[in-house]
Amino acid sequence: MAHRIIRVIEAFDGEHRSLSAAELARRTGLPSSTAYRIVEELLAESVLERDGQLLRLGTRLWELVSRSSKVLGLREAALPFMEDVQAVVGHHTVLGIIEKNEVLYIERIGSNESTINITKVAGRLPIHATSTGLVLTALGPAEDQELLLRRRLKRYTDTTTTDPDELRRELAEVRRMGYSVMAGTIVQESTGVAVPIFNADGKAIAALSVVIPRLGGPLQTSITALQTAARGVSRALGWDGTLRDAVRRSL
C-alpha cells in the first residue's frame, strides 16, 4: 500500500501541480478504483487538498517533512552563504545532494540573468551530467564511483561524458582540483560549477553550485566564491579543517 501512496504523491511535479483524480490514475498507472480510494484517504489526512475540481499536495505533507528532514539543517546553514555567492556571481546558485543515484536539488536562489538553468527545488538530474553529481561522486565512496562507471549513461549533448574510461579520468581530475566544472554537458549554453560541502566527519554530503553562461561566464570568480561559501557552510556543520584537508581525507 505504501508504494501506491508514494506513486500518487510523486505524480505531482513542477508541470503538474494540480491534477484530477482521473489524471492521477493515468499518471500513476493505478486502477481508477484504487486511485480514488487513496485520494480520499489522503484528503482525509490533509496530505492532499482540493483545488476546485482538482487536487494538489497539502500543507500537511510539508509540515510532516519539515519536522525531521535531514536536509533542513543543511539548507538553513547554506542559505546565507548562497546569497553571498549569488550576489558576487550574479547567476543561479544551487544546493544539491545525491539521493538514490540522482542529484536532488534542495535549494536554489534564482537570477534575472538569461543563463538557462533547468535545476529546480525538489528536482532531480543525472549524476554524470551535472557538476554537483560529479564532485560528490569523485569525493565519495569508491564503490559509488564504480557503480556509476558500470551504468549505461545517457548522452544529453555532444559534451556529455558517457565513456567509462573518460569519466574515470574526469573523476580523478575533480578529486585533484577539489571542484567540478561541467561545460554544456546537459544544456549546451550553460556551465555548471560545483564545490563540496563537508560535515563534521569530513564527509562530502552536499555541493554548492552555480550555473553560468558557457561563453564569457565568470568562471574563476565563481570557483572562488563557491569555495569561500562552502568553507563557511562546512564550518557551520562542524568541519573545522580546510576544504583541502577534507578532499585529502576522501582520497
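Residues numbered from 1 in each chain as written. Predicted model: local features only at pLDDT ≥ 70, side-chain atom pairs only at ≥ 80, totals over all residues. Heavy atoms only, no water.

**Side note on the overall build of the protein**
1) Next: A tally of regular secondary structure across the protein gives ten helices and eight strands.
2) Next: A compact globule built from 251 residues would reach a C-alpha radius of gyration of about 18 Å, and the protein, at 20 Å, matches this within 12%.
3) Next: Counting across all 251 residues of the protein, residues that qualify as buried make up 45%.
4) Next: Contacts in the protein between residues at least 24 apart in sequence constitute 54% of all its contacts with a sequence separation of at least 6.
5) Next: Charge centroids of the protein, computed over 32 positive and 30 negative side chains, lie 3 Å from each other. (Helix = DSSP H or I, 4+ residues; strand = E, 2+ residues; numbered from the N terminus. Rg over C-alpha atoms; globule rule 2.2 N^0.38 Å. Buried < 20%, exposed > 50% of the residue type's maximum accessible area, 1.4 Å probe, protein only. Contact = heavy atoms within 4.5 Å. Lys, Arg positive; Asp, Glu negative; His and termini not counted. Charge placed at Lys NZ, Arg CZ, Asp CG, Glu CD.)

**Section: the sheet that holds strand β3 (residues 92-99)**
1) Next: Pairing is antiparallel in the open sheet, where six strands are placed in the order β5-β4-β3-β8-β7-β6. Each edge of the sheet is formed by a strand with only one pairing partner; in this case those strands are β5 (124-126) and β6 (180-183). On average, each strand axis in the sheet is inclined to that of its neighbour by 30°, with strand direction left out of account.
2) Next: Two strands pair when backbone bridges link them, and β3 and strand β4 (residues 102-109) are joined in this way by seven bridges, in the antiparallel orientation. Opposite E99, over in β4, you have E102 as the bridge partner.
3) Next: The strands that helix α5 (residues 71-89) touches are β3, β4, β7 (190-198) and β8 (204-213); relative to β4, the one it contacts most, it runs at about 60°. (Pairing = 2+ DSSP bridges. Axes fitted to C-alpha atoms, helices over the stretch in contact; angles between N-to-C directions.)

**Digging into the layout of surface pockets**
1) Next: By volume, the second largest pocket is sized at about 580 Å³.
2) Next: Surrounding the second largest pocket, 26 residues form its lining, I98, D144, K203, A204 and I205 being those nearest its centre.
3) Next: For the lining of the second largest pocket, the secondary-structure elements that each account for two or more residues are α5, β3, α6 (131-138), α7 (142-150), β8 and α10 (243-250).
4) Next: In the lining of the second largest pocket, the residues fall into 15 nonpolar, five polar and six charged. (1 Å grid on protein atoms, 1.4 Å probe; cavity = no way out; pocket = protein on both sides within 12 Å on 5 of 7 lines; lining within 4 Å. Points joined across faces, edges and corners; volume = space filled by probe spheres on them. Nonpolar A, V, L, I, M, F, W, Y, C, P; charged D, E, K, R; others polar.)

**A few points about the pairing of β6**
1) Next: Residues of β6 alternate between two faces, with S180 and M182 buried on one and V181 and A183 left unburied on the opposite face.
2) Next: For β6 and β7, the ladder comprises four bridges, and the chain directions are antiparallel. Each residue of the ladder has a partner; that of A183, found in β7, is T191.
3) Next: Taken together, β6 and the strand that follows it, β7, pair antiparallel across an intervening segment of six residues, in which G184 is found at a positive phi of about 65°.

**A closer look at the pairing of β3**
1) Next: Summarising burial for β3: six of the eight residues are buried, a large majority.
2) Next: Direction of pairing for β3 relative to β8: antiparallel, over a ladder of five bridges. Counted as the bridge partner of T93 is V210 from β8.
3) Next: Counting the residues between successive antiparallel strands, the hairpin from β3 to β4 contains two residues, one of them, K100, with a positive phi of roughly 55°.

**Quick look at the nonpolar core**
1) Next: Ranked by internal contacts, the top residues of the largest apolar core, which has 26 residues, are L95, I197 and L208.
2) Next: Top element by residues in this core is α5. It accounts for seven residues.
3) Next: Among residues more than four places away in sequence, those in contact with I197 are L74, L95, K203, A204, I205, A206, A207, L208, A230, V233, S234 and L237. (Core = buried A, V, L, I, M, F, W, Y, C linked by side-chain atoms within 4.5 Å.)

**Re the confidence of the model for the protein**
1) Next: Across the protein, the average pLDDT comes to 89, with 93% of residues at or above 70.
2) Next: Within the protein, no element has a lower average pLDDT than α10, which sits at 70, and none a higher one than α6, at 97. (pLDDT = per-residue confidence, 0-100.)

**Notes on the packing of α5 against helix α9 (residues 219-236)**
1) Next: Direction vectors running N to C along α5 and α9 enclose 165°, while the axes themselves pass 9 Å from each other. Taken together, α5 and α9 sit at an angle that is classed as roughly antiparallel. Between α5 and α9 the crossing geometry is right-handed. Residues A77, A78, F81, V85, V88 and V89 of α5 form the contact with α9, whose own contacting residues are T221, S222, A225, L226, A229, G232, V233 and A236.
2) Next: Looking at side-chain class alone, the contact of α5 with α9 contains eleven nonpolar, three polar and no charged residues. (Parallel < 35°, antiparallel > 145°, perpendicular 65-115°, else oblique. Left-handed = near helix turned anticlockwise from the far one by under 90°.)

**A word on the pattern of salt bridges**
1) Next: If you walk through the whole model with that rule in mind, you get six salt bridges.
2) Next: Note that E146 and R168 form a salt bridge whose closest N and O atoms lie 2.9 Å from each other. Linking E146 in helix α7 with R168 in helix α8 (residues 164-177), this pair joins segments that are 22 residues apart in sequence.
3) Next: On the basis of relative accessibility, which here comes to 29%, the residue E146 falls in the partly exposed class.
4) Next: R168 sits in the partly exposed class, given a relative accessible area of 41%.
5) Next: For R176, the salt bridge identified is with E173, shortest N-O distance 2.5 Å. Within this pair, R176 and its partner E173 are both found in helix α8, separated by three residues, close to a single helical turn.
6) Next: Overall, the relative accessible area of 58% leaves R176 in the exposed class.
7) Next: Judged by its relative accessible area of 33%, E173 falls in the partly exposed class. (Salt bridge = Lys/Arg side-chain N within 4 Å of Asp/Glu carboxyl O.)

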